[in-house]
Amino acid sequence: AKNIRFLKNATRFDVTKNGELFLANALVCALGEHIALDALYAVALADTLGVSKGDILRGLKGYKPEKSRQNIIRKNGAECNINLTLYSISFNIFL
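All of these numbers come straight from a predicted model, not from anything done at the bench.

**Student:** Would you mind showing me how to read the sheet that holds strand β1 (residues 2–6) here?
**Tutor:** In a beta sheet, neighbouring strands are held together by backbone hydrogen bonds and run either parallel or antiparallel to one another. Read across the open sheet, the three strands follow the order β1-β2-β3; overall the sheet is antiparallel. Two strands in the sheet have a free side with no partner beyond their single neighbour: β1 and β3 (20–28). Neighbour-to-neighbour, the strand axes of the sheet open up by a mean angle of 15°, direction not taken into account. Pairing of strand β2 (residues 11–17) with β3 involves six bridges; the strand directions are antiparallel. Of the residues in β3, the one forming a bridge with R12 is L27. Strand contacts of helix α1 (residues 33–48): β1, β2 and β3, with the helix running at about 45° to β2, the strand carrying the most contacts. Against the sheet, helix α2 (residues 53–61) makes contact with β2 and β3, and its axis sits at roughly 30° relative to β3, the strand it touches most.

Below you can see the structure in the form of structure tokens.
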């Protein structure tokens, strides 16, 4: 991923293949450099399977994070990116 840019609620980046521009201005509706890097795996797989560039770009744009991930909370004009993980714990007791 090259030229990674962060928008209000999304990450935009370019993808190169063999040193040449492959996808320009790919957009994923989630924030973070790791989002662009993770998206490269999906791009590589889709390209290997013969998926068109247009379909790859539409697929990336259609990504939606899990409900409790990448939540943007706005309060008094300030933005905060909140990641919340809840763990369910169960105990098995053998008597």
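On we go.
**Student:** Whenever I open this one, a nonpolar patch on the surface confuses me. Can you help?
**Tutor:** On the surface, a cluster of nonpolar side chains totalling about 290 Å² of accessible area is made up of L45, L49 and V51. Looking at the element boundaries, L45 is found in helix α1.

**Student:** Would you explain the pattern of salt bridges in this entry?
**Tutor:** A side chain of one charge can pair with a side chain of the opposite charge if their charged atoms are brought near each other. Following the criterion strictly, the structure yields two salt bridges and no others. Across the pair K17 and D47 runs a salt bridge, and its minimum N-O distance is 2.7 Å. Of the two residues, K17 sits in strand β2 while D47 sits in helix α1, which places them 30 residues apart along the sequence. Taking relative accessible area as the criterion, D47 reaches 23% and is therefore assigned partly exposed.

**Student:** Mind showing me how you'd approach the pairing of β1 here?
**Tutor:** Direction of pairing for β1 relative to β2: antiparallel, over a ladder of three bridges. From the neighbouring strand, F6 faces β2, where its bridge partner is T11.

**Student:** For this particular structure, what's the right way to read unusual backbone geometry?
**Tutor:** The bulk of non-glycine residues show a negative phi, and the bulk of peptide bonds are trans. Positive phi outside glycine occurs at N3, with the angle close to 55°. In this structure, N3 sits in strand β1. With a phi angle near 55°, N18 is a residue other than glycine that sits in the positive phi range. Relative to the assigned elements, N18 resides in the loop between β2 and β3.

The rules behind these values
Residues numbered from 1 in each chain as written. Predicted model: local features only at pLDDT ≥ 70, side-chain atom pairs only at ≥ 80, totals over all residues. Heavy atoms only, no water. Pairing = 2+ DSSP bridges. Helix = DSSP H or I, 4+ residues; strand = E, 2+ residues; numbered from the N terminus. Axes fitted to C-alpha atoms, helices over the stretch in contact; angles between N-to-C directions. Contact = heavy atoms within 4.5 Å. Patch = residues over 30% accessible without salt bridge, like charges linked within 9 Å, V, L, I, M, F, W, Y side chains within 5 Å. Areas by Shrake-Rupley, 256 points an atom, 1.4 Å probe, with all protein chains shown as cover. Salt bridge = Lys/Arg side-chain N within 4 Å of Asp/Glu carboxyl O. Buried < 20%, exposed > 50% of the residue type's maximum accessible area, 1.4 Å probe, protein only.

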